[in-house]
Amino acid sequence: MKYIDLNHLIPQLAEKGTWIGRCMVPSKKAHKGVAGPHVVLARKGKIYDLSAYYNSTSELLNSKDPVTSLKALKDLPKLGNLTDVLKNSLYFNQNPNLPYLISPNDIQAIKACGVTFVKSLLERVIEEQAKGDASAAKEIRKTISASLGKDLSKVVPGSPQTKKLKKELQKKGLWSQYLEVGIGKDAEIFTKAQPLSAVGFGAEIGVLKSSKWNNPEPEIVLAVSSSGKIMGATLGNDVNLRDYEGRSALLLGEAKDQNGSCAIGPMFRLFDEKFTLDDVKKCDVQLFLEGKDGFTTSGSNNMTEISRTPENLVAQVISENHQYPDGFVLFFRHHVRTYKGS
């Protein structure tokens, strides 16, 4: 890894916005000398310890008015400069005797939505039909694109047009179980990983050695309270083993949930007067990868292309029949999978 521009990770190094997360803190800097994960606040280029007030980010996000409460806190113990903490969070130069960021979520459930974009739906059909064969997927993608174009972008999931479109796709031999959750009334919601299992910014992710076709999935992650209120957002990597899921949808657990296969961070940006859910809905998610051999690839997606609103998806996760007392984080699949490489 040649270069990381830390200044773009958190706008103006947290000069604006309300940013919370977690740091692994050594005993010499820790509240009451207790080493371990501490809830932190980024403010004006510094990282401050919130352990005297909150035991977890779940507790903070489920409090009555987190943003107002945080603004009222003064003389918080400083853990260091945000730039230094970010640098120390990179696995290849991490010093365990200094604070470093870990995933901002803790005991919240980690949920994810699948097939929420047209590209996501088409790729899922490709995975299923290619059965884990990357070379076959290339040809199937060409066939699907030539047959369907952008028709799906005009369809509202669960609308009267859905049944008609579904019949047309079946006639083309392109029917898939993924079409049901892609254009039907019910979204695909699954458990991405276990609470406390996500890794944070700068950590190494985990991929099974037996997987020969896998990829990162950069996505927006929503922080949701136990009442279903969307409190803020961050970024996440929904690591996926495409060959495993391509063989069978019943292998979703193996494809999605492995050691280190869920990355979230660097920090949650809470919604306040300067940052709202409407801003999230207009976001672009971009990905750039550089290999040791000099190969580079990039891709991007826009939230305006999503087929279901964040509010709709959150409402399908939590209800009177399915509750999350500690709240949850929710991945939005952006499916940045069509890359340009060099």
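Residues numbered from 1 in each chain as written. Predicted model: local features only at pLDDT ≥ 70, side-chain atom pairs only at ≥ 80, totals over all residues. Heavy atoms only, no water.

Caption draft 1: Region of the structure containing the overall build of the chain. Counting secondary structure elements, the chain contains eleven helices and 16 strands. Counting only residues that meet the buried cut, the chain has 52% of its 342 residues in that class. For the chain, the proportion of contacts with a sequence separation of at least 24, taken over those separated by at least 6, is 72%. Put simply, the chain shows about 16800 Å² of open surface, and 52% of that area lies on carbon and sulfur atoms. (Helix = DSSP H or I, 4+ residues; strand = E, 2+ residues; numbered from the N terminus. Buried < 20%, exposed > 50% of the residue type's maximum accessible area, 1.4 Å probe, protein only. Contact = heavy atoms within 4.5 Å. Areas by Shrake-Rupley, 256 points an atom, 1.4 Å probe, with all protein chains shown as cover.)

Caption draft 2: Summary view of helix H11 (residues 310-317). Here H11 has its buried residues at Pro310, Leu313, Val314 and Val317. Angularly, the buried residues of H11 cover 100° about the axis, an arc narrow enough to put them on a single face. Tucked inside the fold, the buried residues of H11 contact strand E6 (109-114), strand E7 (188-193), strand E9 (218-224), strand E10 (230-238), helix H10 (277-281) and strand E15 (328-332). (Arc of directions from axis to C-beta.)

Caption draft 3: Here's a closer look at the environment of Lys71. Along the polypeptide, Lys71 turns up in helix H2 (residues 66-72). Using a relative accessible area of 44% as the deciding quantity, one classes Lys71 as partly exposed. Residues Lys71 and Thr18, 53 residues apart in the sequence, show an inter-C-alpha distance of 8.9 Å.

Caption draft 4: A look at unusual backbone geometry. For the bond from Gly265 to Pro266, the omega torsion is 10°, close enough to zero to count as cis. Residue placement: Pro266 occurs in strand E12 (residues 262-270). Unusually for a residue other than glycine, Lys44 sits at a positive phi of about 50°. Note on placement: Lys44 falls in the loop between strand E2 (36-43) and strand E3 (46-49).

Caption draft 5: How the structure looks around the nonpolar core. Ile20, Leu50 and Leu70 are the most contacted members of the largest nonpolar core, which has 27 residues in total. Where this core is concerned, the elements lending two or more residues are E2, helix H1 (57-61), H2, E6, E7, E9, E12 and E15. If one sorts the elements of this core by residue count, E12 sits on top with four residues. Residues within four places of Ile20 in sequence aside, it is in contact with Val40, Leu41, Thr57, Leu60, Leu61, Leu70, Pro104, Met267, Phe268 and Leu270. Counting residues in hydrophobic clusters, the runner-up holds 23 residues, among them Leu277, Val280, Ile306 and Leu330. (Core = buried A, V, L, I, M, F, W, Y, C linked by side-chain atoms within 4.5 Å.)

Caption draft 6: Inspection of the confidence of the model for the chain at higher detail. Mean pLDDT for the chain: 85, with 87% of residues reaching 70 or above. Low confidence marks residues 336-342, where pLDDT is under 50. Its contacts with residues over four positions away, or in another chain, come to 31 contacts. (pLDDT = per-residue confidence, 0-100.)

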